[in-house]
Amino acid sequence: MESFDFGMRLPRDAAFKRFVHNAAFIRHLLRAHPLAGLDEGQIAEMHPTSANIVGPDLSQRLTDAAWRLTLRDGSLVWLLLECQSEPDPTMPFRMLQAVATMCLKLSRDPPVKRGYTATHMPRVRHLTLYSGRREWRVATEVSEMIEAEEGGLGADAPRMECPTLDFRNWPDPGGDGNMAVLLSRLQRCATPEAPCKAAEPLGRWASEPGRADLASAFAAWITQVALHDLGVTDAPVSDNLREVLDMLQTEPRTWADRMRDEGRQEGRQEGRQEEHEAGLERERRLLLRLARIRFGGAPVGRLASLLEGITDTDLLEEIGQWLLICDSGDALLARVRQC
């Protein structure tokens, strides 16, 4: 298992990858969100396999996780998983490349003990897991991105469905015991108080044997991603789920109160800034009226452009004095340009 430095905030993708490398989580994921023709009940065995897929030109395409699934009927399925934190319009082509390269690899080295050959290979399925905040608007089929011939889809356009699971907008299928469902609920939390309720079911299995890696992944996700999304940037970082659950019981009110205070302070600062800007604009308009009265309309347009860049109220007052002592509009403009 890859080690992580819990003194640093994990990028969203890195935090999410910890889940897709966990067999129990993948089972829960497929139980709650079956792929067409593949659900958790069909799986007899799961084994992680290399996610490094090397193409014929030795270029490397790295998927985030790859699993070899043995189904109850004895057939094999390769499952490729890709984690995304931002919408990527090229995802259909990326996954097409990954699936095609994996098929080529299996064709050259088929699992012959299972009865497969170069022309009869296992299925390769794929799923993109999206954990970002922006709406995912990416084509769901490769052929949608290729210009069609007049009258319909061109015969030469490759076709492959590109399923994506958006954890923030995933319809909740229910069930407090499903880890994928609980992760999606944490994604949808909108206030600092909400993660406490969403994470509560995690405490029922946090100390169970064999769940340490998954518990640690949830702890990292909550303290380094979920709370940051809610504006809590000073939460203690921990990989101990029990400690994190205890923190969620005691700290959210403090976080919420502080964020409300900060919001009020920012609001007051914004209000003062808006008041200052309004005052400057009033002074500029007054100076332009006085300039029109004293020198006529000729210098007003050029003076307006010069005054727009002046934000010092004392200087604007001084320009008002220059209006009285300058003999002409040109003399006034010359002095203002020297500011």
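It should be noted that the structure appears before, not after, this text.
The notes below deal with the structure included here.

Criteria and thresholds
- Residues numbered from 1 in each chain as written.
- Predicted model: local features only at pLDDT ≥ 70, side-chain atom pairs only at ≥ 80, totals over all residues.
- Heavy atoms only, no water.
- Pairing = 2+ DSSP bridges.
- Helix = DSSP H or I, 4+ residues; strand = E, 2+ residues; numbered from the N terminus.
- Axes fitted to C-alpha atoms, helices over the stretch in contact; angles between N-to-C directions.
- Contact = heavy atoms within 4.5 Å.
- Salt bridge = Lys/Arg side-chain N within 4 Å of Asp/Glu carboxyl O.
- Buried < 20%, exposed > 50% of the residue type's maximum accessible area, 1.4 Å probe, protein only.
- Patch = residues over 30% accessible without salt bridge, like charges linked within 9 Å, V, L, I, M, F, W, Y side chains within 5 Å.
- Areas by Shrake-Rupley, 256 points an atom, 1.4 Å probe, with all protein chains shown as cover.
- Polar contact = N/O pair within 3.5 Å; in protein donor to acceptor, adjacent residues only side chain to side chain.
- Disulfide = S-S within 2.5 Å.
- Parallel < 35°, antiparallel > 145°, perpendicular 65-115°, else oblique.
- Left-handed = near helix turned anticlockwise from the far one by under 90°.
- Nonpolar A, V, L, I, M, F, W, Y, C, P; charged D, E, K, R; others polar.

**Remarks on the sheet that holds strand S6 (residues 123-130)**
Stage number 1. Strand order in the open sheet formed by five strands is S1-S4-S5-S6-S7, with mixed pairing between adjacent strands. Each end of this open sheet is capped by a strand with a single partner; those strands are strand S1 (43-49) and strand S7 (164-166). Taking the axes of each pair of neighbouring strands and ignoring which way they run, one obtains an average angle of 25° across the sheet.
Stage number 2. Pairing of strand S4 (residues 65-71) with strand S5 (residues 76-84), which is carried by six bridges, proceeds in the antiparallel orientation. Paired with Thr70 across the strands is Leu76, a residue of S5.
Stage number 3. Against the sheet, helix H1 (residues 12-20) engages S4, S5 and S6, with an angle of about 160° to S5.
Stage number 4. Running over the sheet, helix H2 (residues 23-32) touches S1, S4, S5, S6 and S7 and is turned about 130° from S1.

**Quick word on the pattern of salt bridges**
Stage number 1. Here the structure, examined in full by the defined rule, presents 15 salt bridges.
Stage number 2. One salt bridge connects Glu40 with Arg31, and the closest N-O pair in it is separated by 3.5 Å.
Stage number 3. Exposure remark for Glu40: the relative accessible area of 14% places this residue in the buried category.
Stage number 4. Among the ionic pairs, Asp229 bridges to Arg168, the shortest N-O distance being 3.6 Å. Residue Asp229 is located in helix H6 (residues 212-229), and its partner Arg168 is located in the loop between S7 and helix H4 (179-187); the two are separated by 61 residues in the primary sequence. Accessibility assignment for this pair places Asp229 and Arg168 in one class, buried.

**Focus on a nonpolar patch on the surface**
Stage number 1. Together, Leu286, Leu290 and Ile293 make up a nonpolar patch on the protein surface, roughly 300 Å² of accessible area in all.
Stage number 2. For Ile293, the location among the structural elements is in helix H8 (residues 252-295).

**Brief notes about H2**
Stage number 1. Most of H2 is tucked away: seven of the 10 residues are buried.
Stage number 2. Within H2 the residues assigned to the buried category are Phe25, Ile26, Arg27, His28, Leu29, Leu30 and Ala32.
Stage number 3. For H2, the N-terminal cap is Asn22; the gap from its side-chain oxygen to the backbone nitrogen of Ala24 is 3.0 Å.

**A short note on the state of the cysteines**
Stage number 1. In this structure the tally under the stated criterion is zero disulfides.
Stage number 2. In this structure Cys189 is not part of a disulfide, and its nearest cysteine sulfur, from Cys196, lies 9.8 Å away.

**Section: the environment of Trp205**
Stage number 1. Along the polypeptide, Trp205 turns up in the loop between helix H5 (194-199) and H6.
Stage number 2. In this structure Trp205 comes out as buried when scored by relative accessible area, which is 5%.
Stage number 3. Residues Trp205 and Ala215 lie 10 residues apart in sequence; the distance between their C-alpha atoms is 8.4 Å.
Stage number 4. The contact partners of Trp205, leaving out residues within four places of it in the chain, are Met179, Arg211, Leu214, Ala215, Phe218 and Leu241.

**Concerning the packing of helix H9 (residues 300-308) against helix H11 (residues 329-337)**
Stage number 1. The geometry of H9 relative to H11 is characterised by a closest axis approach of 10 Å and an angle of 15° between their N-to-C directions. Judged on the interaxial angle alone, H11 and H9 are roughly parallel. Between H9 and H11 the crossing geometry is left-handed. From H9, Arg302, Leu303 and Leu306 reach across to H11, where they touch Asp330, Leu332, Leu333, Val336 and Arg337.
Stage number 2. Classifying every residue of the contact of H9 with H11 by side-chain character gives five nonpolar, no polar and three charged.

**Some remarks on the side chain of Ser85**
Stage number 1. Here Ser85 lies in the loop between S5 and helix H3 (91-108).
Stage number 2. Taking relative accessible area as the criterion, Ser85 reaches 18% and is therefore assigned buried.
Stage number 3. When residues no more than four places from it in sequence are discounted, the contact partners of Ser85 are Arg12, Asp13, Tyr130, Ser131 and Gly132.

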